[in-house]
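Here is how the chains run, residue by residue.
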Amino acid sequence: MKRFPVYWHKAKRILSKRDPVLRGIIKKYKKGFLTTRNNPFFSLCRTIVGQQISTKAADSIWSKFERKCKKSIIPNKVLKLSTRTLKSAGLSRQKVSYLKNIAKAFKNKSFDIRELKKMNDEEAINYVTKLKGLGVWSAEMFLMFNLNRPDIFPTKDIGLIRAISKNYKTSYPPSKSFLNKISNLHTGYRTVFTWYMWRSIDPNDVEY
């Protein structure tokens, strides 16, 4: 059974008091919440697949990738599959190399999830981005969806930027000063703010 993040209800109360625009969105979408996944390798693979493509395209490629892996997204399985097989799921050669690289890092334990969990957000983002193919956006998705961090604000996420522009009736993309204002307004629970921005423009849950 999917559970609310421990901070979710408190965050909704606090942010609703701070921000009338967000309060209206929270009231409209009462049932949903960010779902986290306790499988770091799965989450990083999902993030790689979702890079620079639409949610719909990512979902389609991911389902094919899962079939190639026989629903078992584990390092050994990914390493055993040929580049040709993975490309037939719709993955680019570059993404295949990234997936293989992450699988190796998990298998040889050069990527240590236990150490990562002890780090603050900035340290954790720096650590994740040392893996080839994972930039800041990918690291932020991982912190939100796997480490369950409450205060991530992924300003390179196109969906978030679109939603801020639409909901706050500002320019697209919003100015840096406006993003700073929004960031300050929601500090402490920017993950929750981001999730509701996504929900306001897309009825389907975002998952990584």
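Everything that follows concerns the structure shown earlier in this document.
Let me begin by describing the structure that accompanies this report. Predicted model, so just to flag it, every value in this text is computed and none were measured. (Residues numbered from 1 in each chain as written. Predicted model: local features only at pLDDT ≥ 70, side-chain atom pairs only at ≥ 80, totals over all residues. Heavy atoms only, no water.)

Further remarks concern the overall build of the protein. Per the secondary structure count, the protein includes 13 helices and 0 strands. The order of α-helices and β-strands along the protein, N terminus first, is α-α-α-α-α-α-α-α-α-α-α-α-α. Scaling as 2.2 N^0.38, a compact globule of 208 residues should have a C-alpha radius of gyration of about 17 Å, and the protein matches this with 18 Å. Seen along its three principal axes, the alpha-carbon backbone of the protein occupies a region of about 50 × 35 × 35 Å. For the protein, the residues scored as buried account for 50% of the 208 residues in total. (Helix = DSSP H or I, 4+ residues; strand = E, 2+ residues; numbered from the N terminus. Rg over C-alpha atoms; globule rule 2.2 N^0.38 Å. Buried < 20%, exposed > 50% of the residue type's maximum accessible area, 1.4 Å probe, protein only.)

Pairing between side chains becomes possible if they bear opposite charge and their charged atoms approach one another. If you walk through the whole model with that rule in mind, you get 6 salt bridges. A salt bridge links Arg 46 to Asp 59, with the nearest nitrogen and oxygen atoms 2.5 Å apart. Placement of the pair is Arg 46 in helix H3 (residues 40-50) and Asp 59 in helix H4 (residues 55-68), with a sequence separation of 13 residues. The class of Arg 46 is buried, set by a relative accessible area of 9%. For Asp 59, a relative accessible area of 38% gives the class partly exposed. The salt bridge involving Glu 115 is made with Lys 118; its shortest N-O contact spans 3.1 Å. Residue Glu 115 and its partner Lys 118 are both found in helix H8 (residues 113-118); the two are separated by 3 residues, about one turn of the helix. Look at Glu 115 and you get partly exposed, because its relative accessible area is 37%. According to the relative accessible area criterion, Lys 118 is exposed, its value standing at 63%. (Salt bridge = Lys/Arg side-chain N within 4 Å of Asp/Glu carboxyl O.)

On to the packing of aromatic side chains. What the rule picks out here adds up to 14 aromatic pairs. Consider the rings of Tyr 7 and Trp 8, whose centres lie 6.4 Å apart with planes at 45 degrees: the pair is tilted. Trp 8 gets classed as buried once you look at its relative accessible area, which sits at 0%. One aromatic cluster is present, formed by Tyr 7, Trp 8, Trp 195 and Tyr 196 through successive ring pairs. (Phe/Tyr/Trp six-rings, centres within 6.5 Å; stacked < 30°, edge-to-face > 60°.)

Considered for burial, the residues of helix H2 (residues 20-28) that qualify are Leu 22, Ile 25 and Ile 26. Buried residues along H2 cover an arc of 100 degrees about the axis, so they all sit on one side. Turned more than 90 degrees away from the buried face of H2 sit Pro 20, Lys 27 and Lys 28, all of them exposed. Elements that come into contact with the buried residues of H2 comprise helix H1 (8-18), helix H11 (158-167) and helix H13 (190-201). A distance of 3.0 Å separates the backbone nitrogen of Val 21 from a side-chain oxygen at the start of H2, and that oxygen is part of Asp 19. (Arc of directions from axis to C-beta. Contact = heavy atoms within 4.5 Å. Polar contact = N/O pair within 3.5 Å; in protein donor to acceptor, adjacent residues only side chain to side chain.)

Among the nonpolar cores identified, the biggest contains 68 residues, and Phe 65, Phe 111, Leu 116, Ile 164 and Phe 193 are the most heavily contacted of them. Setting aside its immediate chain neighbours within four residues, Phe 193 contacts Leu 15, Asp 19, Leu 22, Phe 153, Leu 160, Ile 164, Tyr 168, Ile 182 and His 186. (Core = buried A, V, L, I, M, F, W, Y, C linked by side-chain atoms within 4.5 Å.)

This next bit is on the side chain of Thr 191. Positionally, Thr 191 belongs in helix H13. When its relative accessible area of 0% is taken as the criterion, Thr 191 is described as buried. Those residues within four positions of Thr 191 in sequence are excluded, and the remaining contacts are Tyr 7, Leu 34, Met 144, Arg 149, Pro 150, Asp 151 and Ile 152.

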